[in-house]
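Chain residues, written in single-letter form:
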Amino acid sequence: MAHRNEGIGAPVKRKEDFRFITGQGRYVDDITLPGQLYAHIVRSPHAHARIVSIDAGETRSAPGVVAVYTGADMADVGGLPCGWAVKNKDGSDMLEPPHKPLCVDRVRHVGDQVAVVIARTRRQAAEAAALLDVDYEELPAVVTGPEAIAEGAPLVWDDIAHNTCFDWEIGDAAATDAAFAKADQVVALDLINNRLVPNAMEPRAAVANFDRGTGEYTLYTSSQNPHLIRLLMGAFVLQIPEHKLRVVAPDVGGGFGSKIYHYAEEAIVTWAAGKLGRPVKWTAQRSESFMSDAHGRDHVTHAELALAKDGTFLGLRVKTVANLGAYLSTFAAAVPTYLYATLLAGCYRTPAIYAEVRAVFTNTVPVDAYRGAGRPEASFLLERLVDNAARALDMDRLEIRRKNFLRPEDFPYDSPVGLTYDVGNYDATLDLAAEHADVAGFEARRAEAKARGKLRGIGVSTYVEACGIAPSAAAGALGARAGLYESALVRVHPTGSVSVHTGTHSHGQGHETAFAQLVSEYLGVPIDQVDVVHGDSAKMPFGMGTYGSRSLAVGGSAIVKALDKIVAKSKKIAAHLLEAGETDIEVADGGFRVAGTDRHKTFAEVALAAYVPHDYPIEEIEPGLEENAFYDPKNFTFPAGCHIVEVEIDPDTGVVEVARVTVADDIGRVINPIIVDGQIHGGLAQGIGQALLEECVYEPHSGQLVTGSFMNYTMPRAADFPMFDVGIHVTECTHNPLGVKGCGEVGAIGVPPAVINAVVDALSHLGVTHIDMPATPAKVWRTIRAASGK
């Protein structure tokens, strides 16, 4: 029924892009409220220190200053809560230290919030903040996971022994030990998944207002999840009843996971607005983002794969130390556990798996979900092991994967680490990628590169990920402290235009187009007559935001459920208008038709009739055409794929050039191929960035952030990438009404191990079997020199 081929599968250009490329987007920093004041956060210059005293006298008397607040002023305010609880091996609870918006007596990482200065202008607030006299007693710091659990390591929290938040396990240890006991070959690998800084295009910002007349607060914040912010901040931090707190996330310039969480600055400006009775605004400088936005990854792992002599996988054993930073961020506990270790089966039939994760506190910025969130860490570990196993057994890298793949007839498949895969065809994506990458012709390209003095390598990785964390009951049993459903409201206006209200949030994904295409598919309405409303807790009663590639699989499914109700009621109205039986009405030609006849009513005619009920019995059908729905998924969705990368290395400089990238991803049903390509391209760019360029580094003893700006944190640029060859193979999800799986994270999950496998392949003639990310020129050069005996 889609209008002008604007429905599902149509390559429609994004309708929201016009306002963005013409500068008409409205971001938090664009908001200026009457009487607005400006906040500047005073941050700790030390990784670990006791606050001896704070003298704010000179600051308070500085020009334009309205108020100065410290942790003592906010001592009665609650701490920022963690949204996921994990149990230790012995069943005891993880440790949750307090996380106050402003530090009271101790700072625990560079950038920790010490005070807030509020003034009439942004410049006045910054200049006055520089006058604040804070006396610190510096304490020993620890910055890496392994160092944090070493004997005698400095304690981030005095009452948390060995800095351990939790010590968790999954899988069958005895079965895994038995698998290793009968193995013909064991391949072991120590590897690091490097810490990353998200660096969204738009820095975080927040503006809060308090209406003394109504007692209502409004917070504008650059968030992926405004309803969650309202819940956490209102109920746990500031104790504001939800009906008195409105949270608005307008246009948001990227997030990659870093804007899911409830941050201290949101609570600080909201609390201050209530105290002062005036709006208070804070916008991060880029340097602040480096030391205050939640970081990603940071795992140190020892992994072992047990194999039979024919290459059959028998067992996998994994031991990971996960760095959580100084505090528990909102979903920090879920990332190295249920979003990581549950994916260690990958695409393979590995009968026995056992994983241990020790999550530790350090004097660094908190770590939480970053594009992929646990799944890139699992994929990197597994695919590096598989490549090394192929090398150890002298097997072809593609064939060892094919030998151990799950087959289409194996589904649904219960993995040894707790997930049930509903559908997949991993051979198909590997074959598609291998064909497009011309794997058969690679040796000729290697020889040609050698003639030019370059070292060429090819790397392969396969992956499966879990999206749309669900269902709520299962997630709750695993420690989630919120439901993971989604809601939608579809409102048809009397003239036939449509407003879709969704609890998800768009920060670059193209929801305004994709969701409009769903409406066009179901109702035949042109997408330019569909308005998508999101990001405002006053306009949508509740929602769970956007992360984990959930928006279409969960949010889109909620919209479809509401659209089904719209269609059902519209058929009843059309039946009365056309004087036919309801069962004789079919959806066709942008409206409703009596089957087998040319008797027809347009959707606009039916919509008008819904609001002008002259021609149908209102005792049977109430006026209006508006429906809402909630959708709680039955299971995760499981995108999968194969990524193949070729690199060329200059042996004299260690510079790695990505020469070719070919990917085949099974993301389920495709709603808009242009949006899908864009999402995959973005993920590939971030994945290649992690593999070759990006790394957040702290100085070991002082805990100073070495890579605290773009001067020394290397972001990927367009010149770092070749053209991407993207292919899509579809097996539809079996348990959501759209058959979709998710595409936003697949590039960041699949490509890092492919890049490193390619680098190792290029250096394998030197005996190199591993190199940690990022494979920077200096690191590659040193590896070549060491392997060459120089």
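Each chain has its residues counted from 1, following the order in which its sequence is written. Per-residue local features of the predicted model are confined to residues with pLDDT of at least 70, and side-chain atom pairs are confined, for both listing and counting, to 80 or more; whole-chain, interface and lining totals are unaffected and use all residues. Side-chain numbers come from the whole structure's heavy atoms, not from hydrogens or water.

Caption draft 1: Structural detail: a nonpolar patch on the surface. Taken together, L608, Y611 and V612 make up a surface patch of nonpolar side chains, about 230 Å² in accessible area. Helix and strand definitions here come from DSSP, where helices need a minimum of 4 consecutive H or I residues and strands a minimum of 2 consecutive E residues; each element is numbered from the N-terminal end. Looking at where V612 falls in the secondary structure, it is placed in the loop between α16 (603-611) and β25 (626-631). Overall, V612 belongs to the partly exposed group, its relative accessible area being 34%. Candidates for patches are residues over 30% relative accessible area with no salt bridge; among them, like charges are joined within 9 Å and nonpolar side chains (Val, Leu, Ile, Met, Phe, Trp, Tyr) within 5 Å. Shrake-Rupley sampling with a 1.4 Å probe provides the accessible areas, and residues are treated as covered by the protein chains on show and by no other component. Note on definitions: salt bridges are taken to be side-chain nitrogens of Lys or Arg within 4 Å of carboxyl oxygens of Asp or Glu. The buried label goes to any residue with under 20% of its type's maximum accessible area, the exposed label to any with over 50%, and the partly exposed label to all in between, with areas taken from a 1.4 Å probe on protein chains only.

Caption draft 2: Region of interest: the sheet that holds strand β20 (residues 498-502). The mixed open sheet is built from 4 strands, whose spatial order is β21-β20-β19-β25. Looking at which strands have only one partner, the edges of the open sheet turn out to be β21 (530-533) and β25. With strand direction ignored, the average angle separating the axes of adjacent strands in the sheet is 15°. What makes two strands pair is DSSP finding at least two bridges between them. As defined by bridge partners, strand β19 (residues 486-492) adjoins β20 across 5 bridges and the pair is classed as antiparallel. Paired with L489 across the strands is H501, a residue of β20. Axis angles are defined between N-to-C directions and span 0 to 180 degrees, where every axis is a line fitted to C-alpha atoms and, for a helix, only to the segment in contact.

Caption draft 3: Layout of the packing of helix α9 (residues 375-392) against helix α18 (residues 746-763). Packing of α9 against α18 leaves a shortest axis separation of 8 Å and a crossing angle of 30°. As far as their axial angle goes, α18 and α9 are roughly parallel. The handedness of the crossing between α9 and α18 is right-handed. When α9 is examined against α18, the residues R375, P376, S379, F380, E383, R384, D387 and R391 are found in contact with a partner set consisting of A748, I749, P752, P753, I756, N757, V760 and D761. Three categories are distinguished: nonpolar for Ala, Val, Leu, Ile, Met, Phe, Trp, Tyr, Cys and Pro, charged for Asp, Glu, Lys and Arg, and polar for the others, with Gly belonging to the last. A class-by-class count of the residues in the contact of α9 with α18 yields 8 nonpolar, 2 polar and 6 charged. Roughly parallel means an angle under 35 degrees; roughly antiparallel, over 145; roughly perpendicular, 65 to 115; everything else is oblique. A crossing counts as left-handed when the near helix is turned anticlockwise from the far one by less than a right angle, and as right-handed when that turn is clockwise. Working rule for contacts: check all heavy atoms of both residues, and any pair within 4.5 Å makes them a contact.

Caption draft 4: Layout of the packing of aromatic side chains. Any Phe, Tyr or Trp ring, taking Trp's six-membered ring, that has another such ring centre within 6.5 Å forms a pair; planes under 30 degrees apart are called stacked, those over 60 apart edge-to-face, and the others tilted. Enumeration over the complete set of coordinates arrives at 21 aromatic pairs. Note on F411 and Y426: the rings are 5.7 Å apart at their centroids and 85° apart in plane angle, and the pair reads as edge-to-face. Residue F411 is located in the loop between α10 (397-404) and β16 (413-414), and its partner Y426 is located in helix α11 (residues 426-437); the two are separated by 15 residues in the primary sequence. Taken as a pair, F411 and Y426 share a single burial class, namely buried.

Caption draft 5: Spatial organisation of α9. In this scheme, a helix's expected span is set at 1.5 Å multiplied by one less than its residue total. Spanning 18 residues, α9 covers 26 Å between terminal C-alpha atoms, matching the ideal 26 Å at 1.5 Å per step. The element α9 is largely enclosed, with a buried count of 16 among its 18 residues. Of the residues trailing α9, D394 is marked for its positive phi of about 55°.

Caption draft 6: Representation of the sheet that holds strand β8 (residues 185-193). Judged by pairing direction, the sheet is mixed, and its 5 strands sit side by side in the order β7-β15-β14-β13-β8 without closing on themselves. Of all strands in the sheet, those with a lone pairing partner are β7 (164-171) and β8, marking the two edges. Adjacent strand axes in the sheet meet at a mean angle of 10°, parallel and antiparallel pairs treated alike. Where α9 meets the sheet, it contacts β8, β13 (299-307) and β14 (313-325), and its direction lies at approximately 140° from that of β8.

Caption draft 7: Broad picture of the nonpolar core. In terms of nonpolar packing, the biggest core is built from 151 residues, with W84, F166, L344, Y421 and I649 touching the most fellow members. If you tally residues by element for this core, the top one is α18, at 11 residues. Not counting the four nearest positions on each side in its chain, Y421 is found in contact with A345, G346, L406, F411, P412, Y413, Y426, V464 and F638. One finds V498, V560, L578 and F603 within the second-largest nonpolar core, a separate group that totals 49 residues. Among buried residues, the Ala, Val, Leu, Ile, Met, Phe, Trp, Tyr and Cys ones that are joined through side-chain atoms within 4.5 Å form a nonpolar core.

Caption draft 8: Structural context of the side chain of R375. With respect to the helices and strands, the residue R375 is situated in helix α9. R375 gets classed as buried once you look at its relative accessible area, which sits at 4%. A polar contact is formed between the side chain of R375 and the side chain of E465, at a distance of 3.3 Å. Under this definition, polar contacts are N or O atom pairs within 3.5 Å; protein pairs additionally need one hydrogen-donor-capable and one acceptor-capable atom, and for neighbouring residues in sequence, both atoms have to be side-chain atoms.

Caption draft 9: Seen up close, the layout of surface pockets. The distinction between a cavity and a pocket rests on a 1 Å grid over the protein atoms alone: a 1.4 Å probe fits inside a cavity but cannot get out, while a pocket stays open yet meets protein on both sides within 12 Å along at least five of seven lines, and a residue with an atom within 4 Å of a point counts as lining. Grid points are joined across faces, edges and corners, and a volume is the space filled by probe spheres set on the points. Roughly 370 Å³ of internal volume is contained in the second largest pocket. What lines the second largest pocket is a set of 18 residues, and nearest its centre among them are R19, D251, V532, V533 and H534. Take the lining of the second largest pocket: its biggest share by element is 4 residues, from β21. Taken together, the residues of the lining of the second largest pocket break down into 7 nonpolar, 2 polar and 9 charged.

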